[in-house]
Amino acid sequence: MQQNVTVFLKDGTMTSSIENITIQVNETRKVGLEKCSFLFSHDTGLSDTLTGVILLVISLFILCTCLVLLVKLLHSVMKGKIAVVINKTLNADLPGKLAWMSGYIAMLVGTGMTIVVQSSSVFTSAMTPLVGIGVITIDRMYPLTLGSNIGTTATGLLAALASSGNKLEPALRIALCHLFFNLSGILLFYPIPHMRQIPINLAKKLGNTTAKYRWFPFMYLFLMFFLLPVSTFSLSTAGPTVLFSVLGPLVGIAVVIVIINILQSNKPKWLPKKLQTWDWLPLCMHSLKPIDGAITRLSSTINQCVPFCCKPRTDDDRQYTPVELKGSPDSSTKSTPANSAMSSRSTSMLITDHIVTV
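Scoring rules and cut-offs
Residues numbered from 1 in each chain as written. Predicted model: local features only at pLDDT ≥ 70, side-chain atom pairs only at ≥ 80, totals over all residues. Heavy atoms only, no water. Helix = DSSP H or I, 4+ residues; strand = E, 2+ residues; numbered from the N terminus. Buried < 20%, exposed > 50% of the residue type's maximum accessible area, 1.4 Å probe, protein only. Contact = heavy atoms within 4.5 Å. Areas by Shrake-Rupley, 256 points an atom, 1.4 Å probe, with all protein chains shown as cover. Salt bridge = Lys/Arg side-chain N within 4 Å of Asp/Glu carboxyl O. Phe/Tyr/Trp six-rings, centres within 6.5 Å; stacked < 30°, edge-to-face > 60°. Lys NZ or Arg CZ within 6 Å of the ring centre and 35° of its normal. Disulfide = S-S within 2.5 Å. Core = buried A, V, L, I, M, F, W, Y, C linked by side-chain atoms within 4.5 Å. pLDDT = per-residue confidence, 0-100.

(A) Main features of the overall build of the chain. Per the secondary structure count, the chain includes 13 helices and two strands. In the chain, buried positions account for 21% of the 358 residues. Contacts in the chain between residues at least 24 apart in sequence constitute 54% of all its contacts with a sequence separation of at least 6. Surface summary for the chain: the accessible area is close to 25,600 Å², and the carbon and sulfur share equals 68%.

Encoded structure:
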């Protein structure tokens, strides 16, 4: 905007000129917008944060319920001749010298199935009960899971390819990082036979521990997926010096303990007599029994205060018998008199034990 400006000088003279003047005007207009309609959209008096937490809890409950129902459905369906056919098909190896390719073909099957369902969680959740009831061996489930980790990257690649303009390149970078990260893990832990036994043996160890101590998976998830990441992130904010000075000794101690455990299992004579077992340590430092006893007493107290809330586990609840499938359709599961007399609740706990025990 142009405007005539008059300026009075110190000597009393006056001068005028036309100058361009820029004026910034902030204008606020009210536009009629309607709030989105959702479960708590009406006048509930709840804040957005609290509403989000409630919806998160509801969604997690629905997810867990669906997974439990999926496990029960598969367990009821995969019986008799169907179980025998699946057992022979998925666990079979290629003939002759091509037997080493069986795992890689299973990996391709896992990749293809995950691409079809667009979710590795759905695929692994559907296959895990089959391992629990003995239809699929854990050695065959391992490459199927690795293939599922590759198939889940297809969703990111498709989403990246849908980007346009200058967003395509960074989107593809992230998607390819996801793909090559999973591929590098497979190249590290599968082609070498001795390396692939590491996660398999860890899975067996964790499964057997979970079958014995039902609270163990919750503690494991809390430590590995919450406490450890939060602690590492908190230390990283203090700088690399603090991070490495704290984590360095802890990692070193963990490596020494792992090496001693391996030697105790395979070559105990290589160790000093005192290190051949951990019995010289307090029981709470080499066994989960003290924690299990405390949790059992706590559950008993809660059960007395709130009847039917949680029933303490008995010795019968902790018994489980491995399921073996034989080649004939008439084969049946091994059982004992104690197992045949168990109630429906104990039977359902047995099924859960099979899911996590190999």
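(B) Highlighting the side chain of Ser-148. If you trace the backbone, Ser-148 turns up in helix H5 (residues 138-151). In contact with Ser-148, other than residues within four places in its own chain, are Gly-110, Thr-111, Thr-114, Ser-120, Phe-123 and Thr-124.

(C) The pattern of salt bridges, seen in detail. Overall, the coordinates contain two salt bridges when judged by the stated rule. For Arg-140, the salt bridge goes to Asp-93, with nearest N and O atoms at 2.6 Å. On the criterion of sequence distance, the pair formed by Arg-140 in helix H5 and Asp-93 in the loop between helix H2 (81-90) and helix H3 (102-117) is long-range, its members being 47 residues apart. The class for Arg-140 is buried, based on a relative accessible area of 11%. A salt bridge links Glu-169 to Arg-173, with the nearest nitrogen and oxygen atoms 2.6 Å apart. Taken together, the positions of Glu-169 and Arg-173, both in helix H7 (residues 168-189) and four residues apart, correspond to about one turn of that helix.

(D) Examining the environment of Leu-206 more closely. Looking at where Leu-206 falls in the secondary structure, it is placed in helix H8 (residues 193-212). Take Leu-206: its relative accessible area is 31%, and that puts it in the partly exposed class. For Leu-206 and Phe-216, which are ten residues apart along the polypeptide, the C-alpha to C-alpha distance reads 8.7 Å. Those residues in contact with Leu-206 that lie beyond four places of it in its chain are Phe-216 and Tyr-220.

(E) Region of the structure containing the packing of aromatic side chains. Here the structure, examined in full by the defined rule, presents seven aromatic pairs. An angle of 45° between the planes, with centres 5.7 Å apart, marks the rings of Tyr-213 and Trp-215 as tilted. Trp-215 sits in the buried class, given a relative accessible area of 13%. Taken together, the aromatic side chains of Trp-100, Tyr-104, Tyr-142 and Tyr-190 make up a single cluster linked through ring pairs. The ring of Tyr-190 carries the charged tip of Arg-196 above its face, separated from the ring centre by 4.1 Å. When the ring centre of Trp-280 is taken as origin, the NZ or CZ atom of Lys-274, which lies over that ring, is 5.1 Å away.

(F) View of the state of the cysteines. Within the structure shown, the criterion is met by zero disulfides. The closest cysteine sulfur to the non-disulfide-bonded Cys-64 is located on Cys-66, 9.3 Å from its own sulfur.

(G) Here's a closer look at the nonpolar core. The biggest cluster of nonpolar side chains holds 14 residues, and the ones touching the most others in it are Met-78, Met-127, Leu-130, Val-135, Ile-136, Met-141 and Leu-144. Contributing elements (two or more residues each) for this core: H2, helix H4 (120-132) and H5. With four residues, H4 is the largest single contributor of residues to this core. Ranked by size, the runner-up nonpolar core spans nine residues in total, among them Met-107, Tyr-142, Leu-146 and Ile-200.

(H) Local environment of the confidence of the model for the chain. The pLDDT averaged across the chain works out to 78; a share of 73% of its residues lies at or above 70. A low-confidence stretch, residues 316-358 (pLDDT under 50), is modelled with 68 contacts involving residues beyond four sequence positions or located in other chains.

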